[in-house]
Amino acid sequence: MLLGSILSLVIVLAGSAAVVRQRTDLAWSAMQKQVHTIDAAWQLRDHRRLPLYGEGTEGRAFDGYQRAIELGKPLCRGDNKELVATLPHWIDTKVAGTEALRERWRPAIDALRAACRCNDARPPQTSAAVPETGILSLLDARWLVNMTVLEARALRLAGQPSNAVERTLDAATFGADLMQTGLLINTMIGAAMVAIAVDEAWPESALSQLDAPSLDLLAEGLDRLDRRLPTFTDLDGELRFIGHWLQHMPLEENKDLSPASWRFGFSTRWMAADAYLRFAAAGERIVDGPNLSWPQRKAWLELEIQQMTAAGNPLTAMMVPNLMSSESTLREVQTRVRLVRMAVAAHRGIQSHPLQDPLGAGPFAVAKDGDRVVFRSAGRRGEKAIERSVQQ
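In short, a report on the structure. Keep in mind that this is a model prediction, so the values were computed, not measured.

Rules used throughout
- Residues numbered from 1 in each chain as written.
- Predicted model: local features only at pLDDT ≥ 70, side-chain atom pairs only at ≥ 80, totals over all residues.
- Heavy atoms only, no water.
- Core = buried A, V, L, I, M, F, W, Y, C linked by side-chain atoms within 4.5 Å.
- Buried < 20%, exposed > 50% of the residue type's maximum accessible area, 1.4 Å probe, protein only.
- Contact = heavy atoms within 4.5 Å.
- Helix = DSSP H or I, 4+ residues; strand = E, 2+ residues; numbered from the N terminus.
- Expected span 1.5 Å × (residues − 1).
- Pairing = 2+ DSSP bridges.
- Salt bridge = Lys/Arg side-chain N within 4 Å of Asp/Glu carboxyl O.
- Axes fitted to C-alpha atoms, helices over the stretch in contact; angles between N-to-C directions.
- Parallel < 35°, antiparallel > 145°, perpendicular 65-115°, else oblique.
- Left-handed = near helix turned anticlockwise from the far one by under 90°.
- Phe/Tyr/Trp six-rings, centres within 6.5 Å; stacked < 30°, edge-to-face > 60°.
- Lys NZ or Arg CZ within 6 Å of the ring centre and 35° of its normal.

Considerations on the nonpolar core
Formed by 104 residues in total, the largest nonpolar core has its most connected members in Trp105, Phe174, Trp202, Leu218, Leu225 and Tyr276. Residue contacts for Tyr276: discarding those within four places in its chain leaves Met31, Gln34, Val35, Ile38, Leu239, Arg240, Ile242, Gly243, Leu246 and Met319.

So, in structure tokens, the structure goes:
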């Protein structure tokens, strides 16, 4: 009886192992098929675009961005006290004494300017064998934008407003292009760069120093920028990267993941494929509602995240946290761009209806506050309303 029980247990375990292998192979094959489909569609995307002012040139923008970053990278090393001392951008007195700093950064800033003129903004090609290939140094990229805005501030104070506007539009172009590369982390860093180049670079005091031609230039550039910014999260680029990464990693050798894979017969490959397929299915669903108001869209995303988290796959739970923060970041940066657009229109003496509020369910609110007009979003950052006021 004992020998029979042991033999039965061995047969059951062997059968279970066979089932796990079969389920793993099926899930992994389905994941590979999905990655191939997404990758093929990604390769067919048209990444050509016009710059935010003037006419474009031939060439690939991201090749130029990489060169600009490489030129600036040695200048970002160390404690960065000299760079930090130029911030925040709305304090013009911090520009004084930065001549030597700006001279060191000028080759990188000029390289960025040339890159922004290129019509081809195809993202760097990641490799299935080495997924991290082509990923930019995001901290260095952000400092490049900050220093470009510093140069713009200096140009404005030197009485060159149109050149100042062009420099900030260069920085905004870089950020907008980065937001289109597909990775959620790039989306959030690119959005921060756009906010620096638009919202931080052009406080009310700076806008009031612009003449009519430079205001016109800024208005046109911001209109082009607004139409290019993504308004909802497209997960295809993220899924493409994750799929390449999962296929490259020796998952079954990862001892940290093994205990968490008990629901999947302790197969980390099955668990990874299941997480990927769930995330991809959610990505297909959420593309269908880009025109919803933010309250509706947010509720939908919360439901999707809740369902993925409740599925019991710990890897899915690791994939979804950036989904909400990425989408809310998209909405907020577009909100800030539109607030500056309305402020610029007011400075140009153009009376127009308020634009749609990306963080609300309708247009921006407009209120009088003494001799100022306030454009206010339904969104908030912490305890503060997201708004912009203009002297009348």
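Let's talk about helix 7 (residues 184–200)
In this model, helix 7 (17 residues) spans 23 Å end to end at C-alpha, consistent with the 24 Å of a helix rising 1.5 Å per residue. Summarising burial for helix 7: 14 of the 17 residues are buried, a large majority.

What to know about the pairing of strand 5 (residues 384–391)
With seven bridges joining them, strand 4 (residues 372–381) and strand 5 adopt antiparallel strand pairing. Each bridged residue has a counterpart across the sheet, and for Arg376 the counterpart in strand 5 is Glu387. Counting the residues in the hairpin turn of strand 4 and strand 5 gives two residues, including Gly382, whose phi is positive at 65°.

Here's the deal with the pattern of salt bridges
Within the structure shown, the criterion is met by 30 salt bridges. When the shortest N-O distance is used, the salt bridge between Arg348 and Asp216 registers 2.9 Å. Remark: Asp216 occurs in helix 9 (residues 212–228) and Arg348 occurs in the loop between helix 14 (321–347) and strand 3 (365–369); sequence separation between them is 132 residues. Owing to a relative accessible area of 38%, Asp216 belongs among the partly exposed residues under this scheme. Here Arg338 and Asp226 are joined by a salt bridge, their closest N and O atoms 2.9 Å apart. Of this pair, Arg338 sits in helix 14 while Asp226 is found in helix 9, placing the two residues 112 residues apart along the sequence.

Observations regarding the packing of helix 4 (residues 99–117) against helix 6 (residues 161–179)
Between helix 4 and helix 6, the shortest axis-to-axis distance is 9 Å and the interhelical angle comes to 70°. Taken together, helix 4 and helix 6 sit at an angle that is classed as roughly perpendicular. The interaxial crossing formed by helix 4 with helix 6 has left-handed handedness. Counted together, Ile109, Asp110, Leu112, Arg113 and Cys116 of helix 4 and Glu166, Arg167, Asp170, Ala171, Thr173 and Phe174 of helix 6 form the full contact between these two elements.

Some words on the side chain of Asp177
Inspection of the secondary structure assignment puts Asp177 in helix 6. Non-local contacts of Asp177, meaning those with residues more than four positions away in its chain, are made with Arg49, Ala61, Phe62, Tyr65, Ala121 and Arg228.

Things to note about the packing of aromatic side chains
Taken as a whole and judged by the stated rule, the model has three aromatic pairs. Where Phe62 meets Tyr65, the ring centres are 5.1 Å apart and the plane angle is 90°; that geometry is what we call edge-to-face. Highlighted residues: Phe62 and Tyr65, both in helix 2 (residues 61–72), separated by three residues, approximately one helical turn. Tyr65 shares its class with Phe62; the two are buried. In this structure, Arg269 packs its charged tip against the face of Trp28, placed 4.2 Å from the ring centre. For Arg297, the ring lying beneath its charged end belongs to Trp300, and the centroid distance is 5.8 Å.

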